[in-house]
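Read off the chains here:
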Amino acid sequence: AKEREENLQNVLKDVSDINLISDSFSPQGKAFNWLLYEDGVCMCPNDSSLVQRYVMAVFYFSTNGDSWTSCSADPEETDCEGGVRYLSPVDVCTWKGSQCKRSGSMKIIEFESMNVTGTIPSELSSLQDLQQLYLEKGGLTGSIPPSLGDLTNLRVIDLNFNSLTGPIPKELGGSDRLVVLDLNDNYLSGDLSVLDDLPGLALIQLQDNAFTGIIPDVDLTNLLVFQTHGNELSGSMPQTYCGKLESNGGSLKSLTADCAEVECDCCTECGVGAVDDDTILEGPGNNEVPVDDDVVLVPSAMPSAQPSASIATAPIYSTEIQCCGMTAKEREENLQNVLKDVSDINLISDSFSPQGKAFNWLLYEDGVCMCPNDSSLVQRYVMAVFYFSTNGDSWTSCSADPEETDCEGG
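Residues numbered from 1 in each chain as written. Predicted model: local features only at pLDDT ≥ 70, side-chain atom pairs only at ≥ 80, totals over all residues. Heavy atoms only, no water.

Focus: the overall build of the protein chain
Piece 1. Along the protein chain, the regular secondary structure elements total nine helices and 18 strands.
Piece 2. Taken across its 410 residues, the protein chain has 53% of its residues classed as buried.
Piece 3. Sequence separation of 24 or more characterises 52% of the internal contacts of the protein chain that already satisfy a separation of 6 or more.
Piece 4. In the form shown here, the protein chain has an accessible surface area of approximately 16,900 Å², with 46% of it arising from carbon and sulfur atoms. (Helix = DSSP H or I, 4+ residues; strand = E, 2+ residues; numbered from the N terminus. Buried < 20%, exposed > 50% of the residue type's maximum accessible area, 1.4 Å probe, protein only. Contact = heavy atoms within 4.5 Å. Areas by Shrake-Rupley, 256 points an atom, 1.4 Å probe, with all protein chains shown as cover.)

As structure tokens, then:
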């Protein structure tokens, strides 16, 4: 036991400060002691998945996992329908809110409205294949770890509706493949200079924080949504963004600012509260963003957890988007009204259930943009439910992700 402890420490000291590992009251110490004394897997020091398992345990303790409203470690404290509890003696890829690549490396961490509090651990930077980080509608405090900038594969950062403070770390510019930066409704401050280093952004939601300075003039080729209202910004809106608006032949659907402080004669909306809560990026875990460098704006027409064509954008829910001659909100309500005769409405509303994933795919990602009165709607929904219900992402052929499987002849 002593040799194992020393060898485990020797590996993990490259992930966390050894003093934190040795502190039994720190999240790192709690995670280490859990690995050492409680984890039924009995991880060996030379196991290739040791670091990932340790990091996910640190995440649990750092975000006060025992106080989560679902799938905490103690079965007497919370339910865990449709998932596996954290700290269970199984692969971390099966733990609720975790999704891995076929290779076994962590790809997505997704939590929404589960009372995820505490702080975001810097150790997440050791998950080098992490593509999407959704920690929405919780009570996270502290700052955004600068080390997240070490995640060169990161595509989505969605931390809205928390209590985060401090600036957007400049180091985040190292994640130059980032497509979604969703930080609205926190207490973040400082300037927006990090945008200069993130040219691939498609969705930027920074509203309702305490940012200061001017809005940087950056040519964001794939920009769809840029929301900055409810801050302390000044100056004028760069004409670069105005020229990208749909009204000017571009792809930008929503451009907001506090027009009394930021001169903006092209903004789609002005002022605090210009965009309601439904404009947040929906469906964590249903919004995978491809890793291809060469992108084309061609959405998928297949049931998928991500577009099967390369697309450098993310699904957006905006009241400005028109489909089927109605707003996105109206379309959502009408789709639900039809599909509630097929699936329980509670399952449709649960973004972690196969039914919820299928519904969110129809709503936000399906390039066909199915209308509520379409005769093939139910069939398309059912086949998408089948995909998610049978873990389509793990199929050996023709899964949604072209990086994971081939699809010859289909």
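Structural notes on the nonpolar core
Piece 1. Ranked by size, the top nonpolar core spans 76 residues in total, and within it Y54, I109, L181 and Y241 carry the most contacts.
Piece 2. Contributing elements (two or more residues each) for this core: helix 1 (2-12), helix 3 (27-38), helix 4 (50-62), strand 2 (106-112), strand 4 (132-136), helix 5 (239-242) and strand 14 (254-257).
Piece 3. Take this core: its biggest share by element is nine residues, from helix 4.
Piece 4. Excluding anything up to four places from it in sequence, I109 contacts M56, F59, G97, L124, L127, L130, Q132, L133, Y134 and L135.
Piece 5. Listed in part, the 17 residues of the second largest apolar core include L335, L339, A384 and F388. (Core = buried A, V, L, I, M, F, W, Y, C linked by side-chain atoms within 4.5 Å.)

Quick look at the pairing of strand 13 (residues 232-236)
One face of the sheet, then the other: side chains in a regular strand alternate in exactly this way.
Piece 1. One ladder, built from three bridges, connects strand 11 (residues 210-214) with strand 13; its direction is parallel. For G213, the partnering residue across the bridge sits in strand 13 and is L233.
Piece 2. For strand 13 and strand 15 (residues 262-263), the ladder comprises two bridges, and the chain directions are parallel. Residue pairing for strand 15: G235 is matched across the bridge by V262. (Pairing = 2+ DSSP bridges.)

So, the packing of helix 8 (residues 354-365) against helix 9 (residues 377-389)
Piece 1. Orientation of helix 8 relative to helix 9, taken along the N-to-C sense of each, is 130 degrees, at an axis distance of 8 Å. When the axis of helix 8 is compared with that of helix 9, the two are oblique. Handedness of the helix 8/helix 9 crossing: right-handed. Residue-level inspection shows P354, Q355, K357, A358, F359, W361 and L362 of helix 8 in contact with helix 9, the latter providing L377, R380, Y381, A384, V385, F388 and S389.
Piece 2. A per-class count over the contact of helix 8 with helix 9 returns 10 nonpolar, two polar and two charged. (Axes fitted to C-alpha atoms, helices over the stretch in contact; angles between N-to-C directions. Parallel < 35°, antiparallel > 145°, perpendicular 65-115°, else oblique. Left-handed = near helix turned anticlockwise from the far one by under 90°. Nonpolar A, V, L, I, M, F, W, Y, C, P; charged D, E, K, R; others polar.)

Some words on a nonpolar patch on the surface
Piece 1. Residues V342, V378, V382, M383 and F386 make up a contiguous nonpolar surface patch of about 390 Å² in total accessible area.
Piece 2. Residue placement: M383 occurs in helix 9.
Piece 3. In this structure M383 comes out as partly exposed when scored by relative accessible area, which is 45%. (Patch = residues over 30% accessible without salt bridge, like charges linked within 9 Å, V, L, I, M, F, W, Y side chains within 5 Å. Salt bridge = Lys/Arg side-chain N within 4 Å of Asp/Glu carboxyl O.)

Considerations on a negative patch on the surface
Piece 1. Negative charge collects at one region of the surface, where D66, D74, E76 and E77 lie side by side.
Piece 2. Structurally, the position occupied by E76 is in the loop between helix 4 and strand 1 (98-100).
Piece 3. By relative accessible area, E76 is classed as exposed at 74%. (Lys, Arg positive; Asp, Glu negative; His and termini not counted. Charge placed at Lys NZ, Arg CZ, Asp CG, Glu CD.)

Overview of the environment of D341
Piece 1. Residue placement: D341 occurs in the loop between helix 6 (328-339) and helix 7 (345-348).
Piece 2. What makes D341 exposed here is its relative accessible area of 68%.
Piece 3. Through-space distance from the C-alpha of D341 to that of V378 is 9.6 Å; in sequence the pair is 37 residues apart.

Overview of the sheet that holds strand 2
Piece 1. Strand order across the open sheet formed by nine strands is 1-2-4-6-8-10-12-14-16, with mixed pairing between neighbours. Strands with a single pairing partner mark the edges of an open sheet, and in this sheet they are strand 1 and strand 16 (269-270).
Piece 2. Note that strand 2 and strand 4 share five bridges and pair parallel. Bridge pairing in strand 4 links E112 to E136.
Piece 3. Across the face of the sheet, helix 4 comes into contact with strand 1, strand 2 and strand 4 while running at roughly 15 degrees to strand 2.

Some thoughts on the pairing of strand 14
Piece 1. Here strand 14 shows a buried face lined by S254 and T256 and a second buried face lined by L255 and A257.
Piece 2. When strand 14 meets strand 16, the two strands line up parallel, connected through two bridges. Across the sheet, residue A257 finds its bridge partner in strand 16, namely C270.

So, the environment of C93
Piece 1. By secondary structure assignment, the location of C93 is in the loop between helix 4 and strand 1.
Piece 2. Residue C93 is classed as buried on the basis of its relative accessible area, which comes to 17%.
Piece 3. As for C93 and I109, which are separated by 16 residues in sequence, their C-alpha atoms are 9.8 Å apart.
Piece 4. Residues in contact with C93, not counting those within four places in the same chain, are Q52, S98, C100 and G104.

Re the packing of aromatic side chains
Piece 1. A complete count under the given rule lists 15 aromatic pairs for this structure.
Piece 2. Ring centres of Y387 and W395 lie 5.0 Å apart, and the angle between their planes is 70 degrees; on these two criteria the pair is classed as edge-to-face.
Piece 3. On the basis of relative accessible area, W395 is assigned to the partly exposed category, the value being 27%.
Piece 4. Following the ring pairs from residue to residue traces out a cluster consisting of W34, F59, Y60, F61, W68, Y86, W95 and F111. (Phe/Tyr/Trp six-rings, centres within 6.5 Å; stacked < 30°, edge-to-face > 60°.)

Details of the side chain of S62
Piece 1. Summarising the element assignment, S62 is placed in helix 4.
Piece 2. With a relative accessible area of 7%, S62 lands in the buried category.
Piece 3. There is a polar contact of 2.8 Å between the side chain of S62 and the backbone oxygen of T119.
Piece 4. In contact with S62, not counting residues within four places along its chain, are P27, T117, G118, T119, I120 and P121. (Polar contact = N/O pair within 3.5 Å; in protein donor to acceptor, adjacent residues only side chain to side chain.)

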